[in-house]
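Here is what each chain is made of, one letter per residue.
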Amino acid sequence: MRLVVVHPDKEVLAQAAAARLLTRVLDVQSVRSPVHVVLTGGSVGIATLAAVAASPLVPAVDWSGVHLWWGDERFLPDGDPDRNETQAREALLDGLVAEHGLPAANVHPMPGPTSVATPEEGAAAYAELLREHAGDRPDDHPDEQSEGTVAVPAFDVLLLGMGPDGHVASLFPGHEVLAAQGTTTGVHASPKPPPERVSLTFDAIRSAREVWIIAAGAEKAEQVAAALADGPVSEVPAAGAVGQARTLWLLDAAASTTTPK
Ligand code: 6PG
């Protein structure tokens, strides 16, 4: 099922996405644990995490039962301000660890040059980590046990930003990375700096229960429309980001062509 929700502006979009994310985590925790959430970088993604941090719902979540992953990462040293991880830690995660019982070990950043030599090594290490948690698929979804082809945990929510070129994670239009197999891939010659990255593949993204694509700004409108028209994934990678149970497009009015601006 696909749902498109349009908010008036980027700030409301981030607030609404944060409220929705916290509510979804609470809903899942009412029936099972752990919960697996995949984070995204980008300005809207990080604004969403900042809005989560400021929400009165934060103490309602059992953070000890939440695991946090990433859809992609820039291949930069630990602590680099351009790492999605660094930005997410500053916006939300450091506070959750310090004050709300999120175990530091439940934060699973993608490796960078501080710990591995190449994006491929980083991708392989992350694939192994995902495989180690693949057994978290719960009993209340026995159908998922039999899928067995994608060795990742059952992602409850997988957040994605979208670039003006239609890229999601580090899956860029016309790039060889679109054909990557397995669950993770190293990326070279990214059209957006830095050139080297680590990313989930389409197979890993599509294994998520829910995929939420969060996009704001008029520069995204054309590719949003193309994705919603099921344009070719080679030209609009976002069109290939589809969840098992639900794909949610969370937009601001400028990024949407379906409502008056
Ligand atoms: C990157 C960015 C990128 C980002 C989108 C949306 O990897 O270089 O993180 O993938 O998520 O371009 O970014 P905005 O929300 O800032 O438009």
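Structural data are supplied above this passage.
This text gives an overview of the structure that appears in the document. In every chain, residue numbers begin from 1 and rise along the written sequence. In keeping with the predicted nature of the model, local features appear solely for residues at pLDDT of at least 70, side-chain atom pairs appear and are counted solely at 80 or more, and the whole-chain, interface and lining totals rest on all residues. No hydrogens and no water enter the side-chain calculation; it runs on all heavy atoms of the structure.

Quick word on the overall build of the protein
The helix and strand labels rest on DSSP assignments: H or I over at least four residues marks a helix, E over at least two residues marks a strand, and numbering proceeds from the N terminus. For the protein, the helix and strand inventory stands at seven helices and nine strands. Seen through its C-alpha atoms, the protein measures out along the principal axes to roughly 40 × 40 × 40 Å. Counting across all 261 residues of the protein, residues that qualify as buried make up 55%. Accessible surface, the protein: about 10500 Å² in total, of which carbon and sulfur atoms supply 55%. Residues counted as positive are Lys and Arg, residues counted as negative are Asp and Glu, and His and the chain ends are not counted. Lys charges are placed at NZ, Arg charges at CZ, Asp charges at CG and Glu charges at CD. In the protein, which carries 17 positive and 34 negative side-chain charges, the distance between the mean positions of the two groups comes to 5 Å. In this scheme, a residue with accessible area under 20% of its type's maximum is buried, one over 50% is exposed, and one in between is partly exposed, where area comes from a 1.4 Å probe on protein chains only. Computed by Shrake-Rupley with a 1.4 Å probe, the accessible areas treat only the displayed protein chains as cover when residues are assessed.

A few points about the sheet that holds strand E9 (residues 246-252)
Here we have six strands laid out as an open sheet, ordered E1-E9-E8-E5-E2-E3, and parallel in their pairing. The open sheet has two edge strands, strand E1 (2-7) and strand E3 (66-70), and neither has a second partner. On average, adjacent strands in this sheet sit at an angle of 15° to one another, irrespective of strand direction. Pairing between strands is defined by DSSP: at least two bridges between them are needed. Strand direction decides the pairing type here: strand E2 (residues 35-39) and E3, joined by five bridges, are parallel. Within E3, the residue paired with His-36 across the bridge is His-67. To obtain each axis, a line is fitted to C-alpha atoms, and for helices this fit is confined to the stretch in contact; angles are then taken between N-to-C directions over 0 to 180 degrees.

Quick look at the nonpolar core
Residues enter a nonpolar core if they are buried and are Ala, Val, Leu, Ile, Met, Phe, Trp, Tyr or Cys, with the set joined through side-chain atoms within 4.5 Å. One finds Leu-93 and Leu-200 to be the most contacted residues of the largest nonpolar core, which totals 74 residues. Examining the composition of this core, we find that seven residues originate from one element, helix H1 (residues 10-29), more than from any other.

Re the site of the ligand
The cutoff for a nearby residue is simple: one of its non-hydrogen atoms must lie within 4 Å of the molecule or strand. If you check the shell around the ligand, you find 14 residues, and the closest are Ser-43, Arg-74, His-167, Arg-197 and Lys-220. Measuring from an oxygen atom of the ligand, one finds a side-chain N or O atom of Ser-43 at 2.7 Å. Lys-192 has a polar side-chain atom sitting 3.3 Å from an oxygen atom of the ligand. When the free accessible area of the ligand is taken as 420 Å², the share hidden by the protein chains comes to 90%. In this structure the site holding the ligand corresponds to the largest pocket. Secondary structure elements with two or more residues in the shell around the ligand: helix H2 (43-53) and strand E4 (72-74). For the shell around the ligand, a count of residues per class yields three nonpolar, six polar and five charged. Polar contacts here mean pairs of N or O atoms no more than 3.5 Å apart (in protein, one a potential hydrogen donor and the other a potential acceptor; neighbouring residues in sequence count only if both atoms are side-chain atoms). A pocket, in this scheme, is an open set of points on a 1 Å grid over the protein atoms alone with protein on both sides within 12 Å along at least 5 of 7 lines, while a cavity is a set where a 1.4 Å probe fits but cannot get out; residues line either one if an atom lies within 4 Å of a point. Here the criterion for a molecule occupying a pocket or cavity is that more than half of its atoms lie within 2 Å of the pocket grid points. For this classification, Asp, Glu, Lys and Arg are treated as charged, while Ala, Val, Leu, Ile, Met, Phe, Trp, Tyr, Cys and Pro are nonpolar and the rest, including Gly, are polar.

Some details on the pattern of salt bridges
We define a salt bridge as a contact between a side-chain nitrogen of Lys or Arg and a carboxyl oxygen of Asp or Glu at a distance within 4 Å. Enumeration according to the criterion identifies ten salt bridges in this entry. As a salt-bridge pair, Arg-2 and Asp-230 come within 3.3 Å of each other at their nearest N and O atoms. Of the two residues, Arg-2 sits in strand E1 while Asp-230 sits in the loop between helix H7 (221-228) and E9, which places them 228 residues apart along the sequence. Glu-210 is the salt-bridge partner of Arg-246, the closest N and O atoms lying 3.2 Å from each other. Of the two residues, Arg-246 sits in strand E9 while Glu-210 sits in strand E8 (residues 210-215), which places them 36 residues apart along the sequence.

As for empty space enclosed by the protein
Grid points are joined across faces, edges and corners, and a volume is the space filled by probe spheres set on the points. Following the criterion strictly, the structure yields two cavities of 30 Å³ or more and no others. Of the volumes computed, that of the largest cavity is approximately 80 Å³. Lining of the largest cavity is provided by 13 residues; of these, Leu-21, Val-52, Trp-63, Leu-68 and Leu-92 occupy positions nearest its centre. Elements supplying a minimum of two residues to the lining of the largest cavity: H1, E2, H2, E3 and helix H3 (84-99). For the lining of the largest cavity, the class distribution of residues is 13 nonpolar, no polar and no charged.

Re the packing of aromatic side chains
Working definition: rings of Phe, Tyr and Trp (its six-membered ring) pair if their centres are within 6.5 Å, and the pair is stacked with planes under 30 degrees apart, edge-to-face with planes over 60 apart, and tilted otherwise. For the structure shown, the criterion picks out one aromatic pair. Centroid distance Trp-69 to Tyr-126: 5.8 Å. Interplanar angle 75°. Geometry classified as edge-to-face. Placement of Trp-69 in strand E3 and of Tyr-126 in helix H4 (residues 119-132) is noted, with a sequence separation of 57 residues between them.

Quick word on the side chain of Ser-170
With respect to the helices and strands, the residue Ser-170 is situated in the loop between strand E5 (157-161) and strand E6 (184-187). At 2.7 Å, the side chain of Ser-170 forms a polar contact with the side chain of Asp-72. Should any heavy atoms of two residues lie within 4.5 Å, those residues are counted as being in contact. Beyond its immediate chain neighbours, meaning those up to four positions away, Ser-170 contacts Asp-72, Val-177, Val-187, Arg-197, Val-198 and Ser-199.

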